[in-house]
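A structural walkthrough
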Amino acid sequence: MKLSKIFFFFMLILLLVTGCKSGDNASDAQIKPVESFYNTIVSQQRDQIGTIACASWEKDAYREVDAFMGVKSEMKDFSCTVQNSTADAAEVVCKGKIAASYGNEITDFPIENRIHKVVKENGEWRLCGF
Amino acid sequence: MDSDQPPLPLSKKLILFVVLIILWLIAQPVVAAQQDNAWQTLPVIPELSEFSKKLLQEGIAAGNNPHAFSKVGDCETSTDWYLHDFDLDDRYYNLGEYKEEFEPVLAFYKGSFLRRSLAAKPGFSAASVLSSYWIDYSNCAAGELPLTCEYNQHNPLVVLISMGTNDGYNPPVFKENLRAIITATLEQKRLPVLMTKADNVEGTYAINRDIAALAAEYEIPLWNYWAAIQSLPNGGLVEDGIHLTFYKNDFSDPYAWNYAWTYRNFTALQMLETLMNATKPWLP
């Protein structure tokens, strides 16, 4: 009896741990295209957009990346979390800012008020606007 | 007479044919290069097309301010060196022998010269003007773009667009982004005026070629600033090959005509004079 109780609790904990782990994986996957998008802006590797943006938003994504090509930029205090999600779509919000410099002039671009829409497209999570 | 001459033997015909083909192949790149550089010979200040004149009329009817122009561009546009002084008193400029010609222009567009455009900023590429990130957060609403925010706030009938230097990293994307700026401007019945840039950072003049091609395609004015400064030392550029050589706005000083900024502001006033004259007939 005692042994079965221990086994039951062990299984329950295992279930919770794997459940949480699975949830983390899902949100990590949803956050990834958003993080990749901002990393692309900073690294100016615009060719990466093809693997980050959804098809319908790709042109806009290229434009947003191109908009930073004339400046040097870096991400400051940057982190993202999933706000809402379903099986095929999620909303991701981020903290931090893009700090862009041109000569001696530094401009900060806050990203906190943007809700990043990510969707599952052909089995992959893609950023699809904000 | 001709029929008396013996026909050329086949071998000679063949040689002649091959020679002609070789000459044609040699000529092709030369012809293409001449066509590619045709924009360089276009006038600095254009005559306005019928389309442009009609757009001015339609723009006024749509409620755009005929006395307002907006500046769109990068650091060479956002700087106070660009037209800013002409809204100040004449301690800040000297129109010299052009006083009679330009004073009506300064009066007609008063308030636009010193305006700090929301669509002009150091580092701007053509894409930046259309980027939701690059809005002035203290003056523009969320969801606006630098271009639309400037238009919403200043309501110009004409727009001076000087872009391209910061697109030197990737010239192929420039044309489509400039096209988007043009179409967004035309949709609001505002007349875009495209300026050729002074530099050639991309090394092929591809950007000025695209600017000229789009001006021709949309029948909008091409202000060929590049052509205005080619006789200046180093094409009017400082050592970095990008920025313009500076002198104060004194059109009475012969020394001033050795510097690119004199021509930038002088030809801008000429362009605005042309636009003013085409606008006046449609004023209520």
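Use the structure listed above.
Residues numbered from 1 in each chain as written. Chains lettered and ligands numbered in written order. Predicted model: local features only at pLDDT ≥ 70, side-chain atom pairs only at ≥ 80, totals over all residues. Heavy atoms only, no water.

**Section: the interface of chain B and chain A**
The criterion, for reference: The contact criterion used throughout is that any non-hydrogen atoms of two residues lie within 4.5 Å. A quick way to say it: buried area is the sum, across both parts, of accessible area lost when two parts are put together, with a 1.4 Å probe. Note on definitions: salt bridges are taken to be side-chain nitrogens of Lys or Arg within 4 Å of carboxyl oxygens of Asp or Glu. Each polar contact in these results corresponds to two N or O atoms within 3.5 Å; when the atoms are within protein, one needs to be able to donate a hydrogen and the other to accept it, and residues that are neighboring in sequence are counted only if both atoms are side-chain atoms. Each helix corresponds to a stretch of at least 4 residues labelled H or I by DSSP, and each strand to a stretch of at least 2 residues labelled E; elements are numbered beginning at the N terminus. Under the scheme applied here, ten amino acids are nonpolar (Ala, Val, Leu, Ile, Met, Phe, Trp, Tyr, Cys and Pro), four are charged (Asp, Glu, Lys and Arg), and all others, including Gly, are polar.
Facing the 21 residues of chain B at the interface are 20 residues of chain A. Counting the surface chain B buries against chain A, the share from its top three residues, Tyr 133, Trp 134 and Tyr 169 of chain B, is 39%. Across the chain B-chain A interface, the total number found is one salt bridge. In this structure, the salt-bridge partner of Glu 105 of chain A is Lys 121 of chain B, at a minimum N-O distance of 3.9 Å. The tally of links between chain B and chain A comes to nine residue pairs in polar contact (both at pLDDT 80 or more). In terms of residues, the side of chain B that touches chain A owes the most to one element, helix H6 (residues 171–187) of chain B, which gives four residues. A per-class count over the side of chain B that touches chain A returns ten nonpolar, nine polar and two charged.

**Some thoughts on the pattern of salt bridges**
Spelled out, the test is: Here's how the labels work: a residue is buried when its accessible area is under 20% of the maximum for its type, exposed when over 50%, partly exposed in between, all with a 1.4 Å probe on protein chains only.
A complete count under the given rule lists 15 salt bridges over all chains for this structure. As a salt-bridge pair, Asp 108 of chain A and Lys 97 of chain A come within 3.2 Å of each other at their nearest N and O atoms. On the criterion of sequence distance, the pair formed by Asp 108 of chain A in strand E3 (residues 105–110) and Lys 97 of chain A in strand E2 (residues 89–102) is long-range, its members being eleven residues apart. Owing to a relative accessible area of 37%, Asp 108 of chain A belongs among the partly exposed residues under this scheme. For Lys 97 of chain A, a relative accessible area of 29% puts it in the partly exposed group. A salt bridge links Arg 116 of chain B to Asp 80 of chain B, with the nearest nitrogen and oxygen atoms 3.4 Å apart. One end of the pair, Arg 116 of chain B, is in the loop between helix H4 (99–108) and helix H5 (146–154); the other, Asp 80 of chain B, is in the loop between helix H3 (75–78) and H4, with 36 residues separating them in the sequence. Note on Asp 80 of chain B: relative accessible area 31%, which makes it partly exposed. Because the salt bridges share partners, they merge into one network encompassing Lys 54, Glu 58 and Lys 189 of chain B.

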